[in-house]
Amino acid sequence: MRNIVVQKFGGTSVADTDKIKNVAKAVIREKSLGNNVVVVVSAMGHTTDVLVKLANEITSNPSGREMDMLLSTGEGVTIALLAMALQAQGCNAVSMNAMQVGIITENVHSKARILDIKTDKIYQHLDNGEVVVIAGFQGVTNDFEITTLGRGGSDTSAVALAGALNAKRCDIYTDVNGVYTTDPRIVPHATRLKEISYEEMMELANGGANVLHPRAVETATIHKTPVRVRSTFKLEDAGTLILGVDEMELHRPVTGVALDMSQLRIVVCDVPDNPGVAAALFDSLANENISIDMIIQSYARKDLNTNDIAFTIDKADLNSALKVLDKLKSTINYSNVFVDDKIAKLSAVGAGMVGRPGIAAKMFRTLANLGINIKMISTSEIKISCLVDKDNADEAVSALHSVFGLDSSEIAEVKGDLPNI
Ligand code: ADP
Ligand code: ASP
Ligand code: MG
């Protein structure tokens, strides 16, 4: 048993060299508790946003390969600086990028999934008494092509490494001291959760709570890795522990509310009402690696034998989706495509919803009282999502947060500034 702890530090935590020196102290503190430490870091501050902006100054349509070559450089800077900071504080440390470790992903750019992680070199360094500092977000294909895991993907690198190394814990250090009942930047009276189940965290992350990358939660669930979200700026604070639902007491029907502003809605109008049309449409989108979130097919108009199909995708996938739809026009024979990018998805999440009727009605009634129109609805056993106009988003989140009894008397503390580019 090697007693491995994986620590992950996000962009705000490593935003400048003083912060990197502080992170080194947090790493040394963990090592002094008798643990072998593997550290995963993000790019410094808003570096990744700056790199995206540079690419967009060159072209509005950069190739996926070159975009990954560019974006993966951010994390490369942080690993070297943190390893230097550790060495300067008397701690043996070595930095490694994804290629050196062998973080093998599928051959997909900008949102690759991890297929395998080689552990031999990491173990060698740990057995030499070194801290291993690994670049998050990056991957490499079997053909040595550089990939990235999607924005926010360093969380996934950390949790996947923790699983592969059989770590006893993965600590996600960030600019907020845990998972709150909603984004504390929107509702300052959000309540910090002491613990949350993997299933609820998965729904919150998928619903837009970017405190954890959805695939990080998925990976933690598979390996049953205990994940703790905690603050880099308040190391003594226990943060929030993510664990199995059977280990928790369920007090409230709704545990949290999430907001996602990263999607848009596409409506394909007057689609012939024939078997196989939806399959052809969604097959073609899937072949381009475009993930679909909500789908609604309208009731068929029997006189015209057509209906409308509406679905939501990530804004980043718009160009590829429009290309796919253009190619399908002659086969599917729809009339036109309508794009609505002024939408926000609200999700109320809670394992305590199961078997308690009336939660959806309460959500719809709260939105109705504010005069907010619902454009789409989707549900799972422990989640209700509504699509609304993006101008109503903050007001709706605050109202739902109150109505489900989640407000706290304390003001939440968030350290990082929002990107201003
Ligand atoms: P990092 O750079 O450390 O990965 P992120 O910006 O990706 O940090 O994630 C932390 C941010 O997530 C917080 O500053 C907060 O605004 C946001 N957030 C959204 N939903 C939640 C939530 N339910 N609980 C805590 N933070 C949340
Ligand atoms: N640097 C990447 C991003 O900004 C990955 C991460 O921080 O998790 O999205
Ligand atoms: Mg993040």
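Conventions we followed
Residues numbered from 1 in each chain as written. Chains lettered and ligands numbered in written order. Predicted model: local features only at pLDDT ≥ 70, side-chain atom pairs only at ≥ 80, totals over all residues. Heavy atoms only, no water. Helix = DSSP H or I, 4+ residues; strand = E, 2+ residues; numbered from the N terminus. Rg over C-alpha atoms; globule rule 2.2 N^0.38 Å. Buried < 20%, exposed > 50% of the residue type's maximum accessible area, 1.4 Å probe, protein only. Contact = heavy atoms within 4.5 Å. Areas by Shrake-Rupley, 256 points an atom, 1.4 Å probe, with all protein chains shown as cover. Lys, Arg positive; Asp, Glu negative; His and termini not counted. Charge placed at Lys NZ, Arg CZ, Asp CG, Glu CD. Near = heavy atom within 4 Å. Polar contact = N/O pair within 3.5 Å; in protein donor to acceptor, adjacent residues only side chain to side chain. Nonpolar A, V, L, I, M, F, W, Y, C, P; charged D, E, K, R; others polar. Pairing = 2+ DSSP bridges. Axes fitted to C-alpha atoms, helices over the stretch in contact; angles between N-to-C directions.

A.B. asks: Please explain the overall build of the protein chain as it appears in this structure.
C.D. replies: Scanning the protein chain from terminus to terminus reveals 13 helices and 20 strands. Against the globule reference of 22 Å for 421 residues, the protein chain gives a C-alpha radius of gyration of 22 Å, in line with a compact fold. For the protein chain, the C-alpha atoms occupy an extent of roughly 80 × 50 × 40 Å along the three principal directions. Burial status across the protein chain gives 50% buried among its 421 residues. Sequence-distant contacts in the protein chain: of pairs separated by 6 or more residues, those separated by 24 or more amount to 77%. Carbon and sulfur atoms form 50% of the exposed surface of the protein chain, whose accessible area is close to 19,100 Å². Positive and negative side-chain charges of the protein chain, numbering 41 and 51 respectively, have mean locations separated by a distance of 3 Å.

A.B. asks: How do you make sense of the site of ligand 2 when you look at a structure like this?
C.D. replies: In the vicinity of ligand 2, the residues found are Ser-42, Ala-43, Thr-48, Glu-75, Phe-137, Arg-151, Gly-152, Gly-153 and Ser-154. The side chain of Glu-75 places a nitrogen or oxygen atom 2.7 Å from a nitrogen atom of ligand 2. Residues belonging to the shell around ligand 2 are distributed by class as follows: two nonpolar, five polar and two charged.

A.B. asks: Please clarify how the sheet that holds strand 13 (residues 256–260) should be interpreted in this entry.
C.D. replies: Backbone-to-backbone hydrogen bonds pair the strands of a sheet. The strands run either parallel or antiparallel. The four strands are arranged 13-18-20-19 in an open sheet whose pairing can be described as antiparallel. Because the sheet does not close on itself, it has two edges, and the strands there are strand 13 and strand 19 (376–380). Each neighbouring strand pair of the sheet contributes to a mean axis angle of 20°, computed without reference to strand direction. Relative to strand 20 (residues 383–389), strand 18 (residues 343–349) is paired through seven bridges, and the arrangement is antiparallel. Note on strand 20: the bridge partner recorded for Lys-345 is Leu-387. In the packing of helix 12 (residues 359–369) onto the sheet, the strands contacted are strand 18, strand 19 and strand 20, and the crossing angle to strand 20 comes to about 15°.

A.B. asks: Would you mind going over the pairing of strand 9 (residues 169–174) with me for this structure?
C.D. replies: Two faces belong to every sheet, and in a regular strand the side chains alternate between them. Burial of strand 9 is extensive: six of the six residues sit out of reach of the surface. Where burial is concerned, the two faces of strand 9 agree: the one with Arg-169, Asp-171 and Tyr-173 and the one with Cys-170, Ile-172 and Thr-174 are both buried. Where strand 1 (residues 4–9) and strand 9 come together, five bridges link them in parallel fashion. The residue of strand 9 that forms the bridge with Val-5 is Arg-169. Pairing analysis gives five bridges linking strand 9 to strand 11 (residues 227–231), with the strands arranged parallel. Of the residues in strand 11, the one forming a bridge with Cys-170 is Val-227.

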